[in-house]
Amino acid sequence: MKQIVLAAALILSAPAAWADGKLSLSEISKYLNGMTTAQAPFTQVNDDGTLSTGKLYIHRPGRMRFQYDPPNAAVVMAGGGTVLIQDPKSNQPSENYPLNRTPLSIILQRNVDLGRANMVVGHTFDGTSTIVTAQDPEHPDYGNIELMFTDNPVELRKWVINDSSGSSTTVILGALETGVRLNANLFSPSTSGSSGGR
C-alpha cells in the first residue's frame, strides 16, 4: 500500500516538476538579448528530407551567416536588413529578400521581446527542452519559428522555420560558442569563405 501511495504521489508531482523546468519567456528573451556573437556547426534538415551541414555565425543585431559544407558550398547571409543567398553551383544570380519577411528576424532583432502581444503562439516543455513558437505579430502570414532551448545553462539548440509557402526547415546546432570574435568579412556579400575565431 505504501508503494502505491508513493507512486501516486510521484505521478501527481511530475507535472509540477516539468513546469519548473520550463524556461519563462523573459528568461529566453534575456538570453537572446545577451547573445552578441556566436558560432556553431549545424545540421539542416530540408523540407524534402535531405540533409546539409555547415557552420553558423551570428552577430546580433541583424547579422547571420550559414556557410554550407562542400559539395553544397552555398552561403546564406543576413545583414543590412536583407537575406542574400549565394549558390556557386547554380548558374543563377544571387537571390535576396527582406530579412523582416523571414521568421529569423525575430531572434536577430536588437531587442527581443517574446512577451510582446501575439508574438508567441506556443510555449511548451517536453521534459528536456523548452519550445517557443514565435511569429511577427503584425505579419503572421510570413510564417513562424519554433525555437528549442535547454537549461543549466540556457542554450539555443534547434529551430524549425515554417515559412509562408508551407515548407519547413530544421536547423540542429552543435556546440554553440558565444562571445567569439568574428571577422566582419563573414557578413560581406563578396566573401564566400569562412574565417571566424576568438
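These remarks concern the structure in this document. (Residues numbered from 1 in each chain as written. Predicted model: local features only at pLDDT ≥ 70, side-chain atom pairs only at ≥ 80, totals over all residues. Heavy atoms only, no water.)

The subject of this paragraph is the packing of aromatic side chains. In total, this model carries 5 aromatic pairs according to the counting rule given. Both rings, one in Phe42 and one in Tyr68, keep their centres 5.4 Å apart while their planes meet at 90 degrees; by these two values the pair is edge-to-face. Remark: Tyr68 occurs in strand β3 (residues 63-68) and Phe42 occurs in strand β1 (residues 37-45); sequence separation between them is 26 residues. Assigned by exposure class, Phe42 and Tyr68 land together as buried. Measuring from ring centre to ring centre gives 6.2 Å for Phe66 and Trp159, while their planes differ by 85 degrees; the resulting arrangement is edge-to-face. Pair noted here: Phe66 is in strand β3 and Trp159 is in strand β10 (residues 155-163), with a separation of 93 residues, a long-range link. Take Phe66 and Trp159: they sit in the same class, and that class is buried. Pairwise contacts between aromatic rings join Phe42, Phe66, Tyr68 and Trp159 into one cluster. For Arg63, the ring lying beneath its charged end belongs to Phe187, and the centroid distance is 5.6 Å. (Phe/Tyr/Trp six-rings, centres within 6.5 Å; stacked < 30°, edge-to-face > 60°. Helix = DSSP H or I, 4+ residues; strand = E, 2+ residues; numbered from the N terminus. Buried < 20%, exposed > 50% of the residue type's maximum accessible area, 1.4 Å probe, protein only. Lys NZ or Arg CZ within 6 Å of the ring centre and 35° of its normal.)

So, on to the pairing of β10. Note that strand β9 (residues 143-150) and β10 share 8 bridges and pair antiparallel. Directly across from Met148, in β10, lies its bridge partner Lys158. Bridge count between β10 and strand β11 (residues 168-173): 5 bridges; the pairing is antiparallel. Counterpart to Lys158 in the pairing with β11 is Ile172. Following β10, the chain reverses through 4 residues before pairing antiparallel with β11; Gly166 in that reversal takes a positive phi of roughly 95 degrees. (Pairing = 2+ DSSP bridges.)

Turning to unusual backbone geometry, a few remarks are in order. For residues other than glycine, phi is negative in most cases, and the peptide bonds are mostly trans. Following Pro70, the chain continues into Pro71 via a peptide bond in cis, with omega recorded as 5 degrees. For the peptide bond that leads from Asn152 to Pro153, omega is 0 degrees, which places it in the cis range. Mapping Pro153 onto the fold places it in the loop between β9 and β10. Within the chain, Ala73 stands out as a residue other than glycine whose phi angle is a positive 60 degrees. Looking at the element boundaries, Ala73 is found in the loop between β3 and β4 (75-79). With a phi close to 55 degrees, Asn152 is a non-glycine residue in the positive phi region. Note that Asn152 resides in the loop between β9 and β10.

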